[in-house]
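# Coordinate analysis (summary)
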Amino acid sequence: MAVSANDHSSFKLMGQFGHQQLVFCNDSATGLQAIIAVHDTTLGPAIGGVRMLPYTNVDEAIDDVLRLSRGMTYKTAVTGINLGGGNAAIIGDHRTQKSEVLLRRFGQFVDRLNGTFIASLDIGTSPRDMEYIHMETSHVAGLPKSLGGSGDSSPFTAKGVYYGIKAALKELYGNDSLAGRTISVQGAGNVGEHLIAMLREENAKVYVSDIVEDRMIEVANKYKAVAVSNNDMYTLDVDVYAPCALGGTVNKDTISKMRCRIIAGSANNQLRNEEEDGHMLMEKGILYAPDYLINAGGLISCYSEIAGYGISRTAELTENIYDVTRSVLRKAIDERIAPYQAANRIAESRIAAMGKIKK
Ligand code: NAD
């Protein structure tokens, strides 16, 4: 007889968010402790990042994988690709506790899921780690090009953000030209640099910040962008603020200072509190291009690797982010809802529709 969902908080959360599976991987020989969450496989196998972090307790790791796997389901659904949502957490410090044997053991656990879960990169794991996991299972995406994989995903992520920015400009100003537009990019990392290169190529005026000052100066000089402090990022009078560093930078403290017209960047979970901050942006008249939609270029690149597509198909699917962003923003305006809600509804209705043709 099934126990009541209230008897265990994991079942309660899984029931609340509709998760299918939560797998605990434990191996005393290698010291592996990992958790794999499969949220929804209606659209296809659940793809998800494998993060390695020194969680202070198991509940924290469970909470992380449940939340992130659900987010991945929405991301794949709204992007129009045929994958479901998953996520995995290896508990430990990636700087000191990661090893070949640990990752290969993890790969064996992934293999036992027979393709229900496809492992990819996340915080604390590298392409080399994917190679180790791949030694034990074929259910891996994001491999280096030398192993037949799609390689570095950040150029595609940046390209998707570029299309998201253009779609938001079109919605707000009626044309999507970047020439003369002002854009502040927070974070001059892999994605940030590729994005800045594309924006400058089309004569946008770019401001850039990074906590690593040398990096900020290097990128600013290379692309003739203006280096600014992180604090000034929020108060700049610009067309677009593009968060490409950390999540949570859009919150009630920063929104109250913001003078941008659009927020569109690559960072995950930009809104610290989705509902509260999403509505505050609406009230302030700032157009928000949902992060999980416009940063999907990297996911699309992994999908192409799985589907066996070439680079031109990856580019086409990434370009489609423009049209999807336009539909999401239109829906939000027509239905007087926040863009994150519009994106969620489009994702949910695609999953419900495709559920009808699943055996
Ligand atoms: P990255 O680590 O290469 O770059 C991040 C940059 O942000 C670094 O230069 C870092 O110094 C800087 N930074 C960190 N904290 C900062 C702060 N408080 N203020 C200003 N700068 C700060 O990472 P990336 O691959 O460029 O990814 C950027 C963001 O996009 C991340 O949030 C990532 O999760 C997200 N993202 C990346 C991809 C991808 O394909 N790389 C895909 C989806 C989402």
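Given the structure is predicted, the values throughout are model-derived calculations rather than measurements.

## Concerning the domain arrangement of the protein
Domain annotation for the protein reports domain 1 (18-70 + 84-147) and domain 2 (154-349). Using only C-alpha atoms to locate each centre, domain 1 and domain 2 end up separated by 28 Å. Taken residue by residue, the interface counts 8 residues in domain 1 and 5 residues in domain 2. On the surface where domain 1 and domain 2 come into contact, there are 0 salt bridges. Counting every contact that joins domain 1 to domain 2 gives 2 residue pairs in polar contact (both at pLDDT 80 or more). Class assignment for the residues of the side of domain 1 that touches domain 2 results in 5 nonpolar, 2 polar and 1 charged.

## Considerations on the environment of D93
Within the secondary structure layout, D93 lies in the loop between β4 (84-91) and α3 (100-112). Discounting residues that sit within four places of it in the chain, D93 has contacts with M52, P54 and K98. At a separation of 2.8 Å, a polar atom in the side chain of D93 contacts the main-chain amide nitrogen of R95.

## Focus: the pattern of salt bridges
For side chains of opposite charge, pairing can occur when their charged atoms come near one another. In the structure shown here, the tally under the stated rule is 23 salt bridges. Overlapping salt bridges bring together R181, D237, D239, R259 and R261 as one network.

## A short note on the side chain of T79
The residue T79 is located in helix α2 (residues 58-79) in this model. Assessed through its relative accessible area of 8%, T79 is described here as buried. Discounting residues that sit within four places of it in the chain, T79 has contacts with A296, I300 and N320.

## Comments concerning the packing of α3 against helix α4 (residues 127-134)
As a packed pair, α3 and α4 sit with axes 7 Å apart at the nearest point and diverge in direction by 55 degrees. Our classification of the angle between α3 and α4 gives oblique. Remark: the crossing between α3 and α4 carries right-handed chirality. Across from E100, L103, R104, F106 and G107 in α3, the residues of α4 making contact are D129, Y132 and I133. Its residues placed into classes, the contact of α3 with α4 shows 4 nonpolar, 1 polar and 3 charged.

Scoring rules and cut-offs
Residues numbered from 1 in each chain as written. Predicted model: local features only at pLDDT ≥ 70, side-chain atom pairs only at ≥ 80, totals over all residues. Heavy atoms only, no water. Domains from an automatic or database assignment. Contact = heavy atoms within 4.5 Å. Salt bridge = Lys/Arg side-chain N within 4 Å of Asp/Glu carboxyl O. Polar contact = N/O pair within 3.5 Å; in protein donor to acceptor, adjacent residues only side chain to side chain. Nonpolar A, V, L, I, M, F, W, Y, C, P; charged D, E, K, R; others polar. Helix = DSSP H or I, 4+ residues; strand = E, 2+ residues; numbered from the N terminus. Buried < 20%, exposed > 50% of the residue type's maximum accessible area, 1.4 Å probe, protein only. Axes fitted to C-alpha atoms, helices over the stretch in contact; angles between N-to-C directions. Parallel < 35°, antiparallel > 145°, perpendicular 65-115°, else oblique. Left-handed = near helix turned anticlockwise from the far one by under 90°.

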